[in-house]
Amino acid sequence: MTVETVFLNGEFVKRKDAKVDIEDRGYQFGDGIYEVIRVYNGEVFTMDEHMERLYQSAEKMKLKIPFEFKELSSIVFKLIEVNEVQEGSVYMQVSRGISPRQHHFPAGDVSGSVIAYTKEMKRPLKQMQEGVTAMLVEDIRWLRCDIKSLNLLGNLLAKEEAASRGHFEAIQHRGETVTEGSSSNAFIVKDGTIFTHPATNLILNGITRRVIKELADKNGVPFVEKTFTVDELLSAEEIFIASTTSEVMPVVKVDDVTIGQGVPGSLTTKLQELFSKRIKEDCKVQAV
Ligand code: DCS
């Protein structure tokens, strides 16, 4: 097996040689941003959308990414090439850099730290076919969930609570309103219409969510960005979650409540097919 190459602050190095400073603000404060990008058949899926969101997150955090869009994109392409990734993902992170620990931002000459690495990963086909279970968890996160920030403690606590009880995902809610999963967006189907939380500061506007909206619009499936309640979730005809790694993932049970017939719903299955077709078109892979 080849030794994995990673990108660290301007250099391609072997993973074992990639060392991070203890006063990196990403490490100390979670003061940074990240993206997870999917690779199918050696090709990057929705690359520009992910890169654009990274720069948008940076702007919202007043963080300067020390590379131009094109430079950073070519770093991602090079990593995939040297590590010969066929099916996998790229993780990319930018922190506010290294400076003596202090809460306020360092002076302008401190450059952001950029890291990126690749990972082999199969599509979760079995779970996509059978569906997964989820647990409802109160959303205790901050009010800027639109920023893909390294600060994920709220998400981690939610996921841990769900995972420790054997669930695939935590579906979070602020009071009566369902927001999103701990690492995914959440959708319900009601009277043949897909509902999902609008892209406000309370959720991350997922790239997968945007692809699903585009596919729904193109194929005459009603798609409405409108909040829904916990009760509406539990009485939905279908539920699915979506993310870069989970794609379109049916949820067949929430807590003790079986959703629909307890199997992936027909609209969810249709969206999975459309999504697979889109992957095939963009990355030249076989559809499932
Ligand atoms: N909401 C949250 C809180 C997320 O963390 C993610 C993805 C999404 C929604 C879905 O966004 P994408 O469709 O753009 O992936 N989280 C990434 C993560 O942390 N691991 O995998 C995906």
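Reading guide: rules and limits
- Residues numbered from 1 in each chain as written.
- Predicted model: local features only at pLDDT ≥ 70, side-chain atom pairs only at ≥ 80, totals over all residues.
- Heavy atoms only, no water.
- Axes fitted to C-alpha atoms, helices over the stretch in contact; angles between N-to-C directions.
- Helix = DSSP H or I, 4+ residues; strand = E, 2+ residues; numbered from the N terminus.
- Parallel < 35°, antiparallel > 145°, perpendicular 65-115°, else oblique.
- Contact = heavy atoms within 4.5 Å.
- Nonpolar A, V, L, I, M, F, W, Y, C, P; charged D, E, K, R; others polar.
- Domains from an automatic or database assignment.
- Buried area = accessible area lost by both parts, 1.4 Å probe.
- Salt bridge = Lys/Arg side-chain N within 4 Å of Asp/Glu carboxyl O.
- Polar contact = N/O pair within 3.5 Å; in protein donor to acceptor, adjacent residues only side chain to side chain.
- Pairing = 2+ DSSP bridges.
- Left-handed = near helix turned anticlockwise from the far one by under 90°.
- 1 Å grid on protein atoms, 1.4 Å probe; cavity = no way out; pocket = protein on both sides within 12 Å on 5 of 7 lines; lining within 4 Å.
- Points joined across faces, edges and corners; volume = space filled by probe spheres on them.

(A) Expanded view of the packing of helix α6 (residues 207–218) against helix α8 (residues 266–283). The geometry of α6 relative to α8 is characterised by a closest axis approach of 10 Å and an angle of 105 degrees between their N-to-C directions. Relative to α8, the element α6 lies roughly perpendicular. Only Leu271, Leu274, Phe275 and Arg278 of α8 make contact with α6, whose side of the interface consists of Thr208, Val211, Ile212, Glu214 and Leu215. Tallied by class, residues from the contact of α6 with α8 come to six nonpolar, one polar and two charged.

(B) Spotlight on the domain arrangement of the protein. Parsing the protein into structural domains produces domain 1 (5–120) and domain 2 (125–283). Measuring from the centre of the C-alpha atoms in domain 1 to the corresponding centre in domain 2 gives 26 Å. With 24 residues of domain 1 at the contact, the number on the domain 2 side is 22 residues. Taken together, the two surfaces of domain 1 and domain 2 that pack against each other cover about 2000 Å², and 62% of this comes from carbon and sulfur. The largest per-residue losses of area from domain 1 upon contact with domain 2 belong to Tyr34, Phe45 and Arg53, which jointly make up 33% of the total buried on that side. There are one salt bridge connecting domain 1 and domain 2. Joining domain 1 to domain 2, the criterion identifies nine residue pairs in polar contact (both at pLDDT 80 or more). Within the residue set of the side of domain 1 that touches domain 2, elements represented by two or more residues are α1 (25–29), β3 (32–40), β4 (43–44), α2 (47–60) and β5 (88–95). Tallying contributions element by element places β3 first for the side of domain 1 that touches domain 2, with eight residues. When its residues are assigned to classes, the side of domain 1 that touches domain 2 shows 10 nonpolar, eight polar and six charged.

(C) Examining the sheet that holds strand β2 (residues 11–14) more closely. The strand order across the open sheet built from six strands is β2-β1-β6-β5-β3-β4, with neighbouring strands paired in antiparallel fashion. Looking at which strands have only one partner, the edges of the open sheet turn out to be β2 and β4. With eight bridges joining them, β5 and strand β6 (residues 113–120) adopt antiparallel strand pairing. Residue pairing across strands places Met92 opposite Ala116, the latter belonging to β6. Along the sheet, α2 makes contact with β3, β4 and β5, crossing β3 at roughly 180 degrees.

(D) Structural context of the packing of α2 against helix α3 (residues 69–82). In contact at an axis separation of 11 Å, α2 and α3 are set at 130 degrees when each is read in the N-to-C sense. The orientation of α2 with respect to α3, classified from their angle, is oblique. Between α2 and α3 the crossing geometry is right-handed. Residues Met47, Asp48, Met51, Glu52, Leu54 and Tyr55 of α2 lie in contact with α3, whose contacting residues are Phe69, Leu72, Ser73, Val76 and Phe77. Taken together, the residues of the contact of α2 with α3 break down into eight nonpolar, one polar and two charged.

(E) Expanded view of empty space enclosed by the protein. Within this structure, the stated rule accounts for one cavity of 30 Å³ or more. Size it by volume and the largest cavity reaches roughly 70 Å³. Forming the boundary of the largest cavity are Arg38, Tyr40, Phe45, Thr46, His50, Ile207, Thr208, Val211, Ser243, Thr244 and Phe275. When residues of the lining of the largest cavity are traced back to their parent elements, those giving at least two are β3 and α6. Counting residues per element, the lining of the largest cavity draws most heavily on α6, which supplies three residues. Among the residues forming the lining of the largest cavity, the class breakdown is five nonpolar, five polar and one charged. Counting the residues that make up the lining of the largest cavity, at least three belong to each of domain 1 (5–120) and domain 2 (125–283).

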